[in-house]
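# Coordinate analysis (summary)
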Amino acid sequence: MSAMRVDTKVVMLGKESVGKTSLVERYVHHRFLVGPYQNTIGAAFVAKPIQVGDKVVTLGIWDTAGSERYEAMSRIYYRGARAAVVCYDLTDSSSFQRARFWVKELQNCEEHCKIYLCGTKNDLVQADRGLRQIDFHDAQDFAEEIGAQLYETSSKTGNNVGESCLLTVAPYGQAQVIPPKGIISYYLQ
Ligand SMILES: Nc1nc2c(ncn2[C@@H]2O[C@H](COP(=O)(O)OP(=O)(O)OP(=O)(O)O)[C@@H](O)[C@H]2O)c(=O)[nH]1
């Protein structure tokens, strides 16, 4: 049996229940699972081959468990990651504090990992603005401060998570490709 070749590693981080698994499900399988919430135990891995020009690049996405019980384990999964999608729930201010925690961890331990901030459950705040607990501009200020891109997504509707908009691949160091809106950008070296 041959080992699967993964060209780049992406890690999903964030408080439990912010919607990391749902984001991966939407991106990889184009679906939103309904039914009782099942927390991730440890971490889950999914490989996603994507076409980049005339090449196929395989992303290895590590979906970590958000529960603080698994915090030490999550640290193992971000080692060597080229991109981290740090998620927070737009309707839960404590999840933004947790996102700050993960950003600090990455800055201290994985300085080459590109950080993407992702505010999840956009559909909820669009349906009822009163549910929003994280102001877009506050999140944007934080994103600017840490040099990250910020996206607000809905895995339920697919808003900002679509295949074409989730992932941008641009040859590193070549003419800049203006990315469509999305949550992961990946630069080939
Ligand atoms: N309305 C709405 N609900 C969502 C969205 N994304 C996730 N959810 C719900 O939020 C709950 C948690 O989603 P998960 O994707 O399991 O969250 P997680 O961050 O992977 O959680 P852990 O595995 O505990 O770390 C589930 O009930 C989802 O259906 C979204 O975009 N919109």
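Right above here is the structure, for reference.
Structure report, in brief.

### Quick notes on the packing of helix α2 (residues 71-78) against helix α3 (residues 93-109)
Between α2 and α3, whose axes approach to 12 Å, the crossing angle comes to 50°. What the angle tells us is that α2 and α3 run oblique. Relative to α3, the crossing made by α2 is right-handed. On the side of α2, the interface is formed by Glu 71, Ser 74, Arg 75 and Tyr 78, while α3 contributes Arg 98, Phe 101, Trp 102, Glu 105, Leu 106 and Cys 109. Split by residue class, the contact of α2 with α3 holds five nonpolar, one polar and four charged.

### Some thoughts on the site of the ligand
Around the ligand, a shell composed of 20 residues is seen, among which Lys 20, Ser 22, Tyr 37, Thr 40 and Asp 123 lie nearest. One of the backbone nitrogen or oxygen atoms of Ser 17 is found 2.9 Å away from an oxygen atom of the ligand. Asp 123 has a polar side-chain atom sitting 2.7 Å from a nitrogen atom of the ligand. Coverage of the ligand by the protein chains reaches 89% of its 650 Å² of free accessible surface. Comparing atom positions with the cavity grids shows the ligand to sit within the largest pocket. Elements with a minimum of two residues in the shell around the ligand: α1 (20-29) and α4 (122-127). The element contributing the most residues to the shell around the ligand is α1, with three residues. In terms of residue class, the shell around the ligand is made up of five nonpolar, nine polar and six charged.

### Describing a negative patch on the surface
Side chains of Asp 135, Asp 138, Asp 141, Glu 144 and Glu 145 sit close together on the surface and give a patch of like negative charge. Within the element layout of this structure, Asp 141 appears in helix α5 (residues 136-146). Relative accessible area serves as the criterion here: at 48%, Asp 141 is assigned to the partly exposed category.

### Things to note about the side chain of Lys 20
Mapped onto the secondary structure, Lys 20 falls in helix α1. One buried charge, Lys 20, has no salt-bridge partner; the nearest side chain with opposite charge is Asp 63, at 5.5 Å. At 3.0 Å, the side chain of Lys 20 and the backbone oxygen of Gly 14 are in polar contact. At 3.0 Å, the side chain of Lys 20 forms a polar contact with the backbone oxygen of Lys 15. In contact with Lys 20, not counting residues within four places along its chain, are Met 12, Leu 13, Gly 14, Lys 15, Asp 63, Thr 64, Ala 65, Gly 66 and Cys 87.

### Here we look at the packing of aromatic side chains
Tallying each qualifying case throughout the model produces six aromatic pairs. Aromatic side chains Tyr 78 and Trp 102 sit 6.3 Å apart centroid to centroid with 80° between the ring planes, which places their arrangement in the edge-to-face category. Remark: Trp 102 occurs in helix α3 and Tyr 78 occurs in helix α2; sequence separation between them is 24 residues. Take Tyr 78 and Trp 102: they sit in the same class, and that class is buried. Judged by centre distance (5.7 Å) and plane angle (75°), the rings of Phe 96 and Phe 142 are edge-to-face. One end of the pair, Phe 96, is in helix α3; the other, Phe 142, is in helix α5, with 46 residues separating them in the sequence. You can call Phe 96 buried: its relative accessible area is 6%. For Phe 142, a relative accessible area of 5% puts it in the buried group. Here the aromatic residues Phe 45, Trp 62 and Tyr 77 are joined through ring pairs into a cluster of three or more. It is Lys 48 that lies over the ring of Tyr 27; its NZ or CZ is 5.1 Å from the centre.

The rules behind each value
- Residues numbered from 1 in each chain as written.
- Predicted model: local features only at pLDDT ≥ 70, side-chain atom pairs only at ≥ 80, totals over all residues.
- Heavy atoms only, no water.
- Axes fitted to C-alpha atoms, helices over the stretch in contact; angles between N-to-C directions.
- Helix = DSSP H or I, 4+ residues; strand = E, 2+ residues; numbered from the N terminus.
- Parallel < 35°, antiparallel > 145°, perpendicular 65-115°, else oblique.
- Left-handed = near helix turned anticlockwise from the far one by under 90°.
- Contact = heavy atoms within 4.5 Å.
- Nonpolar A, V, L, I, M, F, W, Y, C, P; charged D, E, K, R; others polar.
- Near = heavy atom within 4 Å.
- Polar contact = N/O pair within 3.5 Å; in protein donor to acceptor, adjacent residues only side chain to side chain.
- Areas by Shrake-Rupley, 256 points an atom, 1.4 Å probe, with all protein chains shown as cover.
- 1 Å grid on protein atoms, 1.4 Å probe; cavity = no way out; pocket = protein on both sides within 12 Å on 5 of 7 lines; lining within 4 Å.
- Sits in = over half its atoms within 2 Å of the grid points.
- Patch = residues over 30% accessible without salt bridge, like charges linked within 9 Å, V, L, I, M, F, W, Y side chains within 5 Å.
- Salt bridge = Lys/Arg side-chain N within 4 Å of Asp/Glu carboxyl O.
- Lys, Arg positive; Asp, Glu negative; His and termini not counted.
- Charge placed at Lys NZ, Arg CZ, Asp CG, Glu CD.
- Buried < 20%, exposed > 50% of the residue type's maximum accessible area, 1.4 Å probe, protein only.
- Phe/Tyr/Trp six-rings, centres within 6.5 Å; stacked < 30°, edge-to-face > 60°.
- Lys NZ or Arg CZ within 6 Å of the ring centre and 35° of its normal.

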